[in-house]
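Given next are the chains, with one letter for each unit.
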Amino acid sequence: MKFFLDTADIAEIRDLAATGLVDGVTTNPSLVAKSGRNFIEVVREICTVVAGPVSAETTATDHATMLAEGRKLAKIARNIAVKVPLTPDGLKTCKVLRAEGTMVNVTLCFSAPQALLAAKAGASFISPFVGRLDDIGESGMVLVRDIVEIYRQYPNFKTEVLVASIRHPMHVLEAAKLGAHVGTMPPAIMRQLFSHPLTDKGLAAFLADWKKTGQSILGDDKSAAAAE
Ligand code: G3P
């Protein structure tokens, strides 16, 4: 499963990308507004930090303007995935951009028939918003399960299921169990994936016992290693 960060916060992206575990980034107009940065500039910078797909969202609602925006965004870097909404104009734009070799992420997906349409339009990614469905008393994961199941029936569909609107680690776990290709999550959720109280407790005990031995694995090599 690929892990994408759902943020336009460059400091967070740099920090987590250093783990080698970040496969891509997704942004949206709300996240760009939160960053306070110029959209094109921040997306360009993100593309230099992360080699994988970086989603940049169009803001027009009509096909002609959306296509012009998508083409402009695609020129920022080779790893741009243009994000379009799941509307007739969005899917029309998706088809054209895909034919031009641009990656496209179809966003704001809330139903399986919508996901079927996106795959038919050749989307690189479909983004079901699980948290927002849970918020209104529906099940985001049932939607992910349905999409994964539908796509598996048609090997010619190359669209990857990108689980979005992730709110907690259980969303990541459930999406992985269902075989979703990608999970995009806020940096705080990715950090949560690393932690477990028993890991902290166990590490503290090992370190305390190690200290008692008075030994050092690196010994005299320590300064040489630090200098490397
Ligand atoms: O980027 C799309 C999606 O992940 C947004 O999540 O938390 O605003 O529902 P959220």
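Just so you know, these numbers come straight off a predicted model, no measurement behind them.

A.B. asks: What should I look at first to understand the sheet that holds strand β6 (residues 125–128) in this one?
C.D. replies: Two strands in a sheet stick together by hydrogen bonds in their backbones, pointing the same way (parallel) or opposite ways (antiparallel). Strand order in this closed barrel of eight strands is β1-β2-β3-β4-β5-β6-β7-β8, and the pairing throughout is parallel. Strand-to-strand, the axes of this sheet are offset by a mean angle of 30°, without reference to chain direction. With four bridges connecting them, strand β3 (residues 54–57) and strand β4 (residues 80–85) associate as parallel partners. Looking at the pairing, Ala56 lines up with Val82 of β4. Set on the sheet, helix α6 (residues 112–120) makes contact with β5 (103–109) and β6; between it and β5 the angle comes to about 165°.

A.B. asks: Just to check I follow, could you spell out the pairing of strand β7 (residues 160–163) for this structure?
C.D. replies: As a general feature of sheets, a regular strand has side chains that alternate between the two faces. The side-chain alternation of β7 yields two buried faces, one formed by Glu160 and Leu162 and the other by Val161 and Val163. Pairing of β6 with β7, which is carried by two bridges, proceeds in the parallel orientation. Within the sheet, the bridge partner assigned to Phe125 lies in β7 and is Glu160. The pairing of β7 with strand β8 (residues 182–185) spans two bridges and is classified as parallel. Pairing of Leu162 across the sheet is with Val182, part of β8. Read from β7 through helix α9 (residues 169–177) to β8, the crossover connection turns out right-handed.

A.B. asks: In this structure, what is going on with the pattern of salt bridges? I would like to understand it.
C.D. replies: Where charged atoms from two side chains of opposite charge approach closely, those side chains can pair. In the structure shown here, the tally under the stated rule is ten salt bridges. Between Asp15 and Arg191 there is a salt bridge; the shortest N-O distance is 3.1 Å. Taken as a pair, Asp15 in helix α1 (residues 10–17) and Arg191 in helix α10 (residues 187–194) lie far apart in primary sequence, 176 residues in all. With relative accessibility at 44%, the residue Asp15 sits in the partly exposed group. Residues Arg37 and Glu45 are paired through a salt bridge, measuring 2.8 Å at the closest nitrogen-oxygen approach. A relative accessible area of 29% places Arg37 in the partly exposed class. Each of Glu12, Asp15 and Arg191 takes part in salt bridges that share partners, so that together they form one network.

A.B. asks: Quick question: what am I supposed to make of the site of the ligand here?
C.D. replies: Lining the immediate environment of the ligand, one finds Asp6, Asn28, Lys83, Phe129, Arg132, Ala164, Ser165 and Arg167. Taking Asp6, its side chain carries an N or O atom lying 2.5 Å from an oxygen atom of the ligand. A distance of 2.7 Å is found between an oxygen atom of the ligand and a side-chain nitrogen or oxygen belonging to Arg132. Expressed as a share of its isolated accessible area of 310 Å², the protein-covered part of the ligand is 81%.

A.B. asks: Is there a simple way to think about the nonpolar core in this case?
C.D. replies: For soluble globular proteins, nonpolar side chains are generally found buried alongside one another. By size, the foremost hydrophobic cluster in this structure holds 54 residues, and its most contacted members are Val106, Ile126, Val161 and Val163. Considering every element that reaches this core, the biggest residue donor is helix α8 (residues 140–152), with six residues. Ignoring any residue separated from it by four or fewer positions in sequence, one finds Val163 in contact with Pro128, Val130, Met141, Val144, Ala175, Ala180, Val182, Gly183 and Thr184. Counting seven residues, the second-largest nonpolar core is a separate cluster that includes Ala81, Phe129, Leu162 and Val182.

A.B. asks: Please explain a nonpolar patch on the surface as it appears in this structure.
C.D. replies: Nonpolar side chains collect at one region of the surface, where Trp210, Ile217 and Leu218 lie side by side and expose about 340 Å² of accessible area between them. Residue classification places Leu218 among the partly exposed positions, given a relative accessible area of 41%.

A.B. asks: Please clarify how the packing of aromatic side chains should be interpreted in this entry.
C.D. replies: What describes a pair of aromatic rings is the distance from one ring centre to the other and the angle between the planes of the rings. Taken as a whole and assessed by the stated rule, the structure comprises four aromatic pairs. Between Phe4 and Phe125 the ring centres are 5.8 Å apart and the planes differ by 75°, which places this aromatic pair in the edge-to-face class. One end of the pair, Phe4, is in strand β1 (residues 2–6); the other, Phe125, is in strand β6, and 121 residues separate them in sequence. Assessed through its relative accessible area of 1%, Phe4 is described here as buried. For the ring pair Tyr154 and Phe157, a centre distance of 5.3 Å and an interplane angle of 40° mean the geometry is tilted. Since its relative accessible area comes to 17%, Phe157 is described here as buried. Put simply, the rings of Tyr151, Tyr154 and Phe157 pair up and form one aromatic cluster.

Conventions used here
- Residues numbered from 1 in each chain as written.
- Predicted model: local features only at pLDDT ≥ 70, side-chain atom pairs only at ≥ 80, totals over all residues.
- Heavy atoms only, no water.
- Pairing = 2+ DSSP bridges.
- Helix = DSSP H or I, 4+ residues; strand = E, 2+ residues; numbered from the N terminus.
- Axes fitted to C-alpha atoms, helices over the stretch in contact; angles between N-to-C directions.
- Contact = heavy atoms within 4.5 Å.
- Buried < 20%, exposed > 50% of the residue type's maximum accessible area, 1.4 Å probe, protein only.
- Right-handed = clockwise from strand over helix to strand, strands pointing away.
- Salt bridge = Lys/Arg side-chain N within 4 Å of Asp/Glu carboxyl O.
- Near = heavy atom within 4 Å.
- Polar contact = N/O pair within 3.5 Å; in protein donor to acceptor, adjacent residues only side chain to side chain.
- Areas by Shrake-Rupley, 256 points an atom, 1.4 Å probe, with all protein chains shown as cover.
- Core = buried A, V, L, I, M, F, W, Y, C linked by side-chain atoms within 4.5 Å.
- Patch = residues over 30% accessible without salt bridge, like charges linked within 9 Å, V, L, I, M, F, W, Y side chains within 5 Å.
- Phe/Tyr/Trp six-rings, centres within 6.5 Å; stacked < 30°, edge-to-face > 60°.

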